[in-house]
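What follows is each chain in one-letter form.
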Amino acid sequence: MKLIRTKNYEELSRKAANIIAAQITLKPDCLLGLATGSSPIGTYDNLVSMYESGNLDFSRVRSVNLDEYMGLGGDNDQSYRYFMNKHLFERVNIDMTNTHVPDGTVLDSEKACAAYNALLAEMGTIDLQVLGIGPNGHIGFNEPDDHFAAETHCVDLTDATIQANKRFFENEADVPRKAYTMGIGNIMSAKMIVLVANGKNKAKALAAALKGPVTPQCPASILQFHPNAIIIADEDALSELE
Ligand code: F6R
């Protein structure tokens, strides 16, 4: 793993965006794996600025997102499809038909996961996967568990994740209890991974992921085995590492 230390969130966001922009410039029809959540918002803002200044062209870029809440459609402002449209897709010249998020409206989880796995197989290898990390070490919605899941599957969100994500909802009761997520195998098959982490609430999980044992109890620790994983983290997120 390569670790890039930054002073703050702004620097982290610029550096992550520069790497993604280089990927798009080198391979204009690249397949990006994308994440939602607060961590990559600044990265997406920087990508939008590069597009607006004429330095980046998304017209041939293709994308697959990591995860989606079960039960939420794209018009629900808490869905991850809505998030992606708002923070990136509607602000750049990406072809919406080239963007993919698991379909939260399909309540038959086997059907939903099989459809997304088929889509991932059809799209081919992810060139660059963007990740955040949960305070419990999750990546995508791969929660701490006794095994690493290979492919897209349906998860029961842990209480820690419900607590962490309730800030986006009016009431804790509104946070969906289930989600569809790409598996660890899907994530690990990406050619390059860029994980962004900021803030003190990520410090313990990041230290466990970077220096602890590789274990499904800290899903992000599997990145130690990836040949091209880049961790971009600010001082607060790295505060438990030294
Ligand atoms: C989101 C995702 C999650 C988040 C993680 C961190 O698509 O896959 O793993 O990256 O929960 O969330 P934030 O960035 O909101 O702290």
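Provided above is the structure to which this section pertains.
Description of the structure in this document. (Residues numbered from 1 in each chain as written. Predicted model: local features only at pLDDT ≥ 70, side-chain atom pairs only at ≥ 80, totals over all residues. Heavy atoms only, no water.)

**Topic: the sheet that holds strand β7 (residues 153-156)**
Inference 1: Taken in spatial order, the three strands line up as β4-β8-β7 in an open sheet, and their pairing is antiparallel. Where the open sheet ends on each side, the last strands, each with one partner, are β4 (67-69) and β7. Averaged over all pairs of adjacent strands, the angle between strand axes in this sheet comes to 25 degrees, irrespective of strand direction. (Pairing = 2+ DSSP bridges. Helix = DSSP H or I, 4+ residues; strand = E, 2+ residues; numbered from the N terminus. Axes fitted to C-alpha atoms, helices over the stretch in contact; angles between N-to-C directions.)

**Quick word on the sheet that holds strand β2 (residues 31-34)**
Inference 1: Strand order in the open sheet made by the seven strands is β1-β10-β9-β6-β2-β3-β5, with parallel pairing throughout. The outermost strands of the open sheet, each flanked by one partner alone, are β1 (2-6) and β5 (99-100).
Inference 2: As paired elements, strand β9 (residues 192-197) and strand β10 (residues 229-234) share five bridges and run parallel to each other. When the bridges of β10 are listed, Val194 appears paired with Ile230.
Inference 3: Along the sheet face, helix α4 (residues 109-123) touches β2, β3 (62-65) and β5 and points at about 150 degrees away from the line of β3. (Contact = heavy atoms within 4.5 Å.)

**Description of helix α1 (residues 9-26)**
Inference 1: An ideal rise of 1.5 Å per residue puts 26 Å on 18 residues; α1 measures up with 26 Å between its terminal C-alpha atoms.
Inference 2: Within the sequence span of α1, burial applies to Glu11, Leu12, Ser13, Ala16, Ala17, Ile19, Ile20, Ala21, Gln23 and Ile24.
Inference 3: Tucked into the core, α1 has its buried residues touching β1, β2, α2 (41-52), β6 (128-131), β9 and β10.
Inference 4: Capping the start of α1, Asn8 holds a side-chain oxygen 3.3 Å from the backbone nitrogen of Glu10, two or three residues further along. (Expected span 1.5 Å × (residues − 1). Buried < 20%, exposed > 50% of the residue type's maximum accessible area, 1.4 Å probe, protein only. Polar contact = N/O pair within 3.5 Å; in protein donor to acceptor, adjacent residues only side chain to side chain.)

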